[in-house]
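Coordinates in review
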Amino acid sequence: MGYTGDVVVGGPTQLRVLDEVEIRKVAVGPMANNAYLLTCRREGAQLLVDPADDPERLLDLVREGSDAARLDDVVVTHRHADHHRALASVVAVTGADVSAGAPDADAIAASSGVAVDRRLHHGDTLAVGHLTLEVIALAGHTPGSVALVYREPAHAESPGRAHLFTGDSLFPGGVGHTHGDESLFAQLFEDVTTRLFDRFGDATWVYPGHGADTTLGAERPHLAEWHARGW
């Protein structure tokens, strides 16, 4: 069975194999957070997006990609505790570096007890073995929320197709929660529109922080609706 992106807490890993990278998705914790493991197929380097909960499950995930439990980097997409409850345990076992959006880094460190090694800014890049991921800042859900984008290479089956790991900034059906604050919603909607929808094509795959995957093409027709409703 191919990759669908449908996962449940306690269920099996969903695996997507592309030319350069393997993408693994699991759901963990009481809020069914998604965690993603990216494995460079050439060099074996690995990056974990959002060590949300259940460190044993996440360490098993790391071992699914690497018999040696190699983990080079952990990216926390934003400061909310449900996205980094397992951070301390995962880092203690693997020795991985920790990266997070600069405006959220201090809050993440204070809450998790783990120092953030790299403070990410819009336009930064992260190397994962042979892979290159670009950092996209999406303020609004939190001040330092970040997304990561990976583009398939020219020789791939889908050359140039983008894969977006959006944390809680973009979901099927709308942008992330901004607690009824009109200015925060306006900021997030602007960032998501100009930095994601205006830049990437309809085939772009979206891997959110909770729930099912989507594509920009599936969501694009609803942008005006989201703007009008204010959430």
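These numbers were taken from a predicted model, which means no experiment stands behind them.

1. Details of the sheet that holds strand β7 (residues 118–120)
Strands sit in the order β1-β2-β3-β4-β5-β6-β7 across an open sheet of seven strands; the sheet is mixed. Across the chains shown, the open sheet's two edge strands, defined by having one partner strand only, are β1 (14–17) and β7. Ignoring strand direction, the axes of neighbouring strands in this sheet form an average angle of 20 degrees. In the sheet, strand β5 (residues 73–76) pairs with strand β6 (residues 97–101) via four bridges, with the strands oriented parallel. Bridge pairing in β6 links aspartate 73 to aspartate 97. Against the sheet, helix α1 (residues 55–65) engages β2 (21–28), β3 (33–40) and β4 (46–49), with an angle of about 165 degrees to β2. Contacting β5, β6 and β7, helix α3 (residues 102–112) crosses the sheet at an angle of about 125 degrees to β6.

2. Thoughts on the pattern of salt bridges
Scanning all chains against the criterion turns up 13 salt bridges. Measuring nitrogen to oxygen at the nearest pair gives 3.0 Å for the salt bridge that ties aspartate 72 to arginine 70. Aspartate 72 gets classed as partly exposed once you look at its relative accessible area, which sits at 30%. For arginine 70, a relative accessible area of 35% corresponds to the partly exposed category. The salt bridge partner of aspartate 106 is arginine 119, with a shortest N-O separation of 2.6 Å. Taken together, the residues span a long stretch of sequence, with aspartate 106 in helix α3 and arginine 119 in strand β7 at a distance of 13 residues. Judged by relative accessible area, which is 39%, arginine 119 ranks as partly exposed. Linked by salt bridges that have partners in common, Glu22, Arg24, Arg57 and Glu64 make up one network.

3. So, the packing of α1 against helix α2 (residues 87–94)
Two elements in contact, α1 and α2, have axes whose closest approach is 9 Å; the angle formed by their N-to-C orientations is 40 degrees. Relative to α2, the element α1 is oriented oblique. Where α1 crosses over α2, the handedness of that crossing is right-handed. For the pair formed by α1 and α2, the contact residues are Pro55, Leu58 and Leu59 on the first element and Ser89, Val90, Val93 and Thr94 on the second.

4. So, the environment of tyrosine 3
In this fold, tyrosine 3 is placed in the segment before β1. Residue tyrosine 3 is classed as buried on the basis of its relative accessible area, which comes to 16%. On a C-alpha basis, the gap between tyrosine 3 and alanine 147 in space is 21 Å, while along the polypeptide they are 144 residues apart. Sequence-distant contacts of tyrosine 3, that is, excluding residues within four places in its chain, are made with Gln14, Leu15, Arg16, Lys25, Trp205, Tyr207 and Asp213. Reaching out from tyrosine 3, the side chain makes a polar contact with the side chain of aspartate 213 at a distance of 2.6 Å.

Quick notes on the rules
- Residues numbered from 1 in each chain as written.
- Predicted model: local features only at pLDDT ≥ 70, side-chain atom pairs only at ≥ 80, totals over all residues.
- Heavy atoms only, no water.
- Pairing = 2+ DSSP bridges.
- Helix = DSSP H or I, 4+ residues; strand = E, 2+ residues; numbered from the N terminus.
- Axes fitted to C-alpha atoms, helices over the stretch in contact; angles between N-to-C directions.
- Contact = heavy atoms within 4.5 Å.
- Salt bridge = Lys/Arg side-chain N within 4 Å of Asp/Glu carboxyl O.
- Buried < 20%, exposed > 50% of the residue type's maximum accessible area, 1.4 Å probe, protein only.
- Parallel < 35°, antiparallel > 145°, perpendicular 65-115°, else oblique.
- Left-handed = near helix turned anticlockwise from the far one by under 90°.
- Polar contact = N/O pair within 3.5 Å; in protein donor to acceptor, adjacent residues only side chain to side chain.

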